[in-house]
Amino acid sequence: MVSIKAHNLSIQFPVYNAAHRSFRGNFIKVATGGRFSSDVTNHVYINALDQINLNIQNGERVALLGHNGSGKSTLLRAIAGVYYPTGGSLEVEGSISTLIDLHQGMDAEATGWDNIILRGLAMGMSRAEINGRKNEIAEFSELGDFLNIPVRTYSSGMKLRLAFSVSTSSPRNIVLMDEWLSTGDASFSEKATLRLIDYLGKASILVIATHSEKLAMRICDRIVTLSHGKVENDSPVISQEKDFII
Amino acid sequence: MTGFLMSEKLPNLLRWGFEDITHSVRTRDMWLYLGRQDIKMKYRRSVLGPWWYTLSTGILVLTLGLLWSQVFNQPTGYYMSYFAAGIVTWTFISGFITESATSITQFEGFIKQQHTHFFQFVLRIYIRHLLILAHNFLVVAIVFLFAGPGVSFEALAAIPGLAILSLLMLMIGAPVAIFCTRFRDMPQIINNLLQVIFYLTPIIWEAKQIGRFQFVSDWNPFHAMVSIIRKPLLGELPAAWDFLMIFILIAISTLATAGLLGKYRRRIAYWL
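Residues numbered from 1 in each chain as written. Chains lettered and ligands numbered in written order. Predicted model: local features only at pLDDT ≥ 70, side-chain atom pairs only at ≥ 80, totals over all residues. Heavy atoms only, no water.

- Under the annotation held in an unreviewed UniProt entry, chain B carries the name O-antigen export system permease protein RfbD and is attributed to Candidatus Nitrotoga fabula.
- Quoted verbatim from the Subcellular location (unreviewed entry) field of the UniProt record, the comment on chain B reads "Cell membrane".
- As its UniProt record puts it under Sequence similarities (unreviewed entry), chain B is described as follows: "Belongs to the ABC-2 integral membrane protein family." (UniProt positions renumbered as here; feature names shortened; annotations may be inferred.)

- An unreviewed UniProt entry lists chain A under the name O-antigen export system ATP-binding protein RfbE, from Candidatus Nitrotoga fabula.

The structure is reproduced here in structure tokens:
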């Protein structure tokens, strides 16, 4: 059963500066018997998530709302398995797709084809699986002969197309998104939206962080509002006129 | 169905560390491809490509080999073989350790995207340097055929030697990577240490030349690491002492790797 269960989930970021990251600090602490320890290694922490309790079940589409710094992206990354809880626990069942930052992980010097392999591997696909899908990916991206030349020659829209085409090529149980995607020119954007809807349709759970309450109302059936790393409000969406075209 | 459970409670450290290692090893499609890709990328628009490694090592061995054989008053053919085998093995070891230092920090973008196992980055760096070794080895082969002792039967012992050396290097690479991610002064410290160790290890000179100070090289683990490759190539089997030292180091460093990964893999993403 695909699910996400957070129990008292807390995430606390240490804030390092040069003094904290160097050996000198720790060495001086030892050498001086800890007398100056408060000056040298006094860590500053940020409570990004503070005792979150959240239970997301199969079939739910959840929007995370909240101001900048309220913990939306951190929660997404925690669900993705990037940050381990510093308090509480998090249990995720199901395969995960992260459409968090599509610009990441491109190798500018490598060709489009190479980048298809790179991103596919990063998503956990095997070489055989990538080879099976790469023609479909190439066709959908509409990049044609551009795939044979280095990605550094691409426009930002073309890069996004390529990344999007690979990222949505293999269905997953849980999809994590940071804002709705906007991909390039009008004709591709429409095509991409249709593919994204189809992709989300195959997934069991969607969690999307967004600033737009309108978007949340339109595509989700549950809205979780975060504030200062805590769940401020958690309520179902009542109006049910679902419409994905943004 | 895949998934995970992460909680503040610490699981068994060593088991968790080994889980990272075995999972990383299993994703071999990834590190085999990426390690190769790294070399390909570095020389993408160059004509000679990775053969630059061969060429620059060749020039180094030829010029310095000739020079030092005169300085140390040694037969040129023998000294060039000794120096070529030593420097190529040393480049493999030190290049790998130097790059392990940044093996986690350089993939920050990747690590912040998804759940990651960290040992795979060390494996990726290892593949890079194994490929560089393969290119450099051509120099050793040429020197041995034209100037040195030729190929002996004992040279085959260099193959298991390479396997043992590789295991030790991987187990050193992981702790180095973790320390260097947490403490950003460490890469510089390691760089400097390696430079000093290079001169303290019998590569340019031979252990027997330092007379009563030979215990320094006897107890130098890098000497054993170089010897299990160099000795067989020169037609001599490595000493039991070399193997003993290396196996003890493998045991210690494997424990260190598993322990550190087990304890800190949950923290590494926070350090980036």
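## Some points on the overall build of chain B
Next up, step 1: Across its full length, chain B carries 12 helices and 1 strand.
Next up, step 2: Taking 19 Å as the expected radius of gyration for a compact globule of 272 residues, we find that chain B reaches 20 Å, a close match to that expectation.
Next up, step 3: Dimensions of chain B along its principal axes, counting C-alpha atoms only, are 65 × 45 × 35 Å.
Next up, step 4: Of the contacts made within chain B by residues no fewer than 6 positions apart, 76% connect residues no fewer than 24 positions apart.
Next up, step 5: Accessible area of chain B: about 12700 Å², with a carbon and sulfur share of 69%. (Helix = DSSP H or I, 4+ residues; strand = E, 2+ residues; numbered from the N terminus. Rg over C-alpha atoms; globule rule 2.2 N^0.38 Å. Contact = heavy atoms within 4.5 Å. Areas by Shrake-Rupley, 256 points an atom, 1.4 Å probe, with all protein chains shown as cover.)

## Points about the overall build of chain A
Next up, step 1: Scanning chain A from terminus to terminus reveals 9 helices and 9 strands.
Next up, step 2: Of all 246 residues assigned to chain A, the portion counted as buried reaches 51%.
Next up, step 3: Contacts in chain A between residues far apart in sequence, at least 24 positions, make up 75% of those at least 6 positions apart.
Next up, step 4: Just so you have it, chain A exposes about 11200 Å², and 51% of that area is on carbon and sulfur atoms. (Buried < 20%, exposed > 50% of the residue type's maximum accessible area, 1.4 Å probe, protein only.)

## Here we look at the pattern of salt bridges
Next up, step 1: Per the stated rule, a full pass over the model turns up 18 salt bridges over all chains.
Next up, step 2: For E60 of chain A, the salt bridge is made with R222 of chain A, and the minimal N-O distance between the two is 3.1 Å. Within this pair, whereas E60 of chain A is found in the loop between β2 (44-57) and β3 (61-65), its partner R222 of chain A is found in strand β8 (residues 222-227), the two being separated by 162 residues in sequence.
Next up, step 3: E108 of chain B is the salt-bridge partner of K112 of chain B, the closest N and O atoms lying 3.4 Å from each other.
Next up, step 4: Each of the salt bridges in this network shares a partner with another, and the network as a whole consists of D38, E99, R124 and R128 of chain B. (Salt bridge = Lys/Arg side-chain N within 4 Å of Asp/Glu carboxyl O.)

## Here's the deal with the UniProt feature "domain: ABC-2 type transporter transmembrane" (unreviewed entry) in chain B
Next up, step 1: When the UniProt feature table is mapped to this numbering, "domain: ABC-2 type transporter transmembrane" (unreviewed entry) covers residues 33-231 of chain B.
Next up, step 2: Across residues 33-231 of chain B, helical content stands at 72% and strand content at 0%; the span's end C-alpha atoms are separated by 32 Å.

## Observations concerning the side chain of T74 of chain A
All names here are of chain A.
Next up, step 1: Here T74 lies in helix α4 (residues 72-80).
Next up, step 2: Overall, the relative accessible area of 14% leaves T74 in the buried class.
Next up, step 3: Residues within four places of T74 in sequence aside, it is in contact with I11, F13, A48, L49 and Y83.

## Some details on the confidence of the model for chain B
Next up, step 1: Overall, the prediction assigns chain B a mean pLDDT of 92, with 100% of residues at 70 or greater.
Next up, step 2: Model confidence for chain B, summarised as mean pLDDT per element, is weakest for strand β1 (residues 3-7) of chain B at 77 and strongest for helix α7 (residues 158-182) of chain B at 96. (pLDDT = per-residue confidence, 0-100.)

## Some words on helix α6 (residues 127-141) of chain A
All names here are of chain A.
Next up, step 1: For α6, which comprises 15 residues, the first-to-last C-alpha distance of 20 Å matches the rise-based estimate of 21 Å (1.5 Å per residue) to within 8%.
Next up, step 2: All of the buried residues in α6 are I130, I137, A138, F140 and S141.
Next up, step 3: As for α6, its buried residues are in contact with α5 (112-122), α7 (156-167) and α8 (186-202).
Next up, step 4: Immediately beyond the C-terminal end of α6, within one or two residues, lies E142, with a positive phi of roughly 55°. (Expected span 1.5 Å × (residues − 1).)

## Topic: the packing of helix α10 (residues 221-233) of chain B against helix α11 (residues 240-264) of chain B
For any two helices packed against each other, the geometry comes down to the angle between their axes and how far apart the axes lie.
All names here are of chain B.
Next up, step 1: At a minimum axis separation of 9 Å, α10 and α11 run at an interaxial angle of 120°. Classified by the interaxial angle, the pair formed by α10 and α11 is oblique. As α10 runs across α11, the sense of the crossing is left-handed. Note on element contacts: α11 touches α10 through D242, F243, M245, I246 and L249, opposite P221, A224, M225, S227, I228 and K231. (Axes fitted to C-alpha atoms, helices over the stretch in contact; angles between N-to-C directions. Parallel < 35°, antiparallel > 145°, perpendicular 65-115°, else oblique. Left-handed = near helix turned anticlockwise from the far one by under 90°.)

## Considerations on the interface of chain B and chain A
Next up, step 1: With 39 residues of chain B at the interface, the matching set in chain A holds 49 residues.
Next up, step 2: Here chain B and chain A share an interface that buries about 3800 Å² over both sides, 55% of which is from carbon and sulfur atoms.
Next up, step 3: Its largest share of buried area at the contact with chain A, chain B owes to M6, Q113 and Y270 of chain B, together 20% of the area lost on that side.
Next up, step 4: Taken together, chain B and chain A are joined by 1 salt bridge.
Next up, step 5: Taking the shortest distance from any N to any O, the salt bridge between R44 of chain B and D114 of chain A comes out at 3.7 Å.
Next up, step 6: Our enumeration of links across chain B and chain A arrives at 8 residue pairs in polar contact (both at pLDDT 80 or more). (Buried area = accessible area lost by both parts, 1.4 Å probe. Polar contact = N/O pair within 3.5 Å; in protein donor to acceptor, adjacent residues only side chain to side chain.)

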